[in-house]
Amino acid sequence: MDSTKGSTTTKTAEVKITIPALSDYVAVARLAISGVAARMNFSIDEIDDLKVSVSEACNNVVQHAFPNGEGVICISCKIHLDHLEIIISDEGKGFDTTDIKSKKSDGVSEEESTTHFGLGLGLTFIKSLMDSSEVISIPGSGTTVRMTKNAPKLS
């Protein structure tokens, strides 16, 4: 169906929210994701996975991009018929992702390389809970975490 015809069922839709880069507001992002995921008929366990992934991405922004809380986190949920795409972005200090990739090629595990750069286990959790994920970061310009979860099959 075409989203321009006023139908509640669309091929794609997008929900966007912007929250302060403060830990107190991460719960708002979790709640928004939960609502979108429930609307798409994700199971309780899948919704929990989505909430954990969003929390981890948002907490990385709070801790690393804006440790003084003077920024915002942009969250976009792109709803497709076959998957949910979540994009968490900031305009914080960013980091050089090639450092993580070069550490991995040196035989260091992803967990060790992300921990080395202060990212903790958050990115590892996201990779394990989502169907796909990627991190794009530019030092001085911010970071974007893009993750997808395949939609439940309707019976």
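As a reminder, the structure under discussion sits directly above these lines.
Note that the structure is predicted; figures quoted are calculated from it, not measured.

What counts and what doesn't
- Residues numbered from 1 in each chain as written.
- Predicted model: local features only at pLDDT ≥ 70, side-chain atom pairs only at ≥ 80, totals over all residues.
- Heavy atoms only, no water.
- Helix = DSSP H or I, 4+ residues; strand = E, 2+ residues; numbered from the N terminus.
- Buried < 20%, exposed > 50% of the residue type's maximum accessible area, 1.4 Å probe, protein only.
- Contact = heavy atoms within 4.5 Å.
- Areas by Shrake-Rupley, 256 points an atom, 1.4 Å probe, with all protein chains shown as cover.
- Patch = residues over 30% accessible without salt bridge, like charges linked within 9 Å, V, L, I, M, F, W, Y side chains within 5 Å.
- Salt bridge = Lys/Arg side-chain N within 4 Å of Asp/Glu carboxyl O.
- Axes fitted to C-alpha atoms, helices over the stretch in contact; angles between N-to-C directions.
- Parallel < 35°, antiparallel > 145°, perpendicular 65-115°, else oblique.
- Left-handed = near helix turned anticlockwise from the far one by under 90°.
- Nonpolar A, V, L, I, M, F, W, Y, C, P; charged D, E, K, R; others polar.

**Q** Can you help me understand the overall build of the protein in this one?
**A** Of regular secondary structure, the protein possesses five helices and five strands. Reading the secondary structure of the protein in the N-to-C direction produces β-α-α-β-β-α-α-α-β-β. Burial status across the protein gives 38% buried among its 155 residues. When contacts within the protein are restricted to residue pairs at least 6 apart in sequence, long-range pairs at least 24 apart make up 64% of them. A total of about 8,700 Å² of accessible surface is found on the protein, and carbon and sulfur atoms cover 52% of it.

**Q** What is the right way to look at a nonpolar patch on the surface in this model?
**A** On the surface, a nonpolar cluster with roughly 240 Å² of combined accessible area is contributed by Leu22, Tyr25 and Val28. Of note, Leu22 is situated in the loop between β1 (12–20) and α1 (26–39). Taking relative accessible area as the criterion, Leu22 reaches 36% and is therefore assigned partly exposed.

**Q** In this structure, what is going on with the environment of Lys11? I would like to understand it.
**A** Within the element layout of this structure, Lys11 appears in the segment before β1. Considering only alpha carbons, one finds Lys11 and Ile79, 68 residues apart in sequence, at a separation of 7.9 Å.

**Q** Quick question: what am I supposed to make of the environment of Glu70 here?
**A** The residue Glu70 is located in the loop between α2 (44–65) and β2 (72–80) in this model. The class of Glu70 is exposed, set by a relative accessible area of 66%. Through-space distance from the C-alpha of Glu70 to that of Pro20 is 7.6 Å; in sequence the pair is 50 residues apart.

**Q** Explanation requested: the packing of α2 against helix α5 (residues 122–129) in the structure shown.
**A** Each pair of packed helices can be described by the angle between their axes along with the distance between the axes. Contact geometry of α2 with α5 gives a least axis separation of 9 Å together with a crossing angle of 155 degrees. In terms of axis orientation, α2 runs roughly antiparallel to α5. Seen from above, α2 lies across α5 with left-handed handedness. Facing Asp49, Val52, Ser53, Glu56, Ala57 and Asn60 of α2, the residues of α5 in contact are Gly122, Leu123, Phe125, Ile126 and Leu129. For the contact of α2 with α5, the residue count by class is six nonpolar, three polar and two charged.

**Q** Sorry if this is basic, but what is going on with the packing of α1 against α2 here?
**A** Contact geometry of α1 with α2 gives a least axis separation of 9 Å together with a crossing angle of 150 degrees. With respect to α2, the element α1 is oriented roughly antiparallel. Handedness of the α1/α2 crossing: right-handed. In this structure, α1 uses Val26, Ala29, Arg30, Ile33, Ser34, Ala37 and Ala38 to contact α2, whose residues at the interface are Ile47, Leu50, Lys51, Val52, Val54, Ser55, Cys58, Asn59 and Val62. By residue class, the composition of the contact of α1 with α2 is eleven nonpolar, three polar and two charged.

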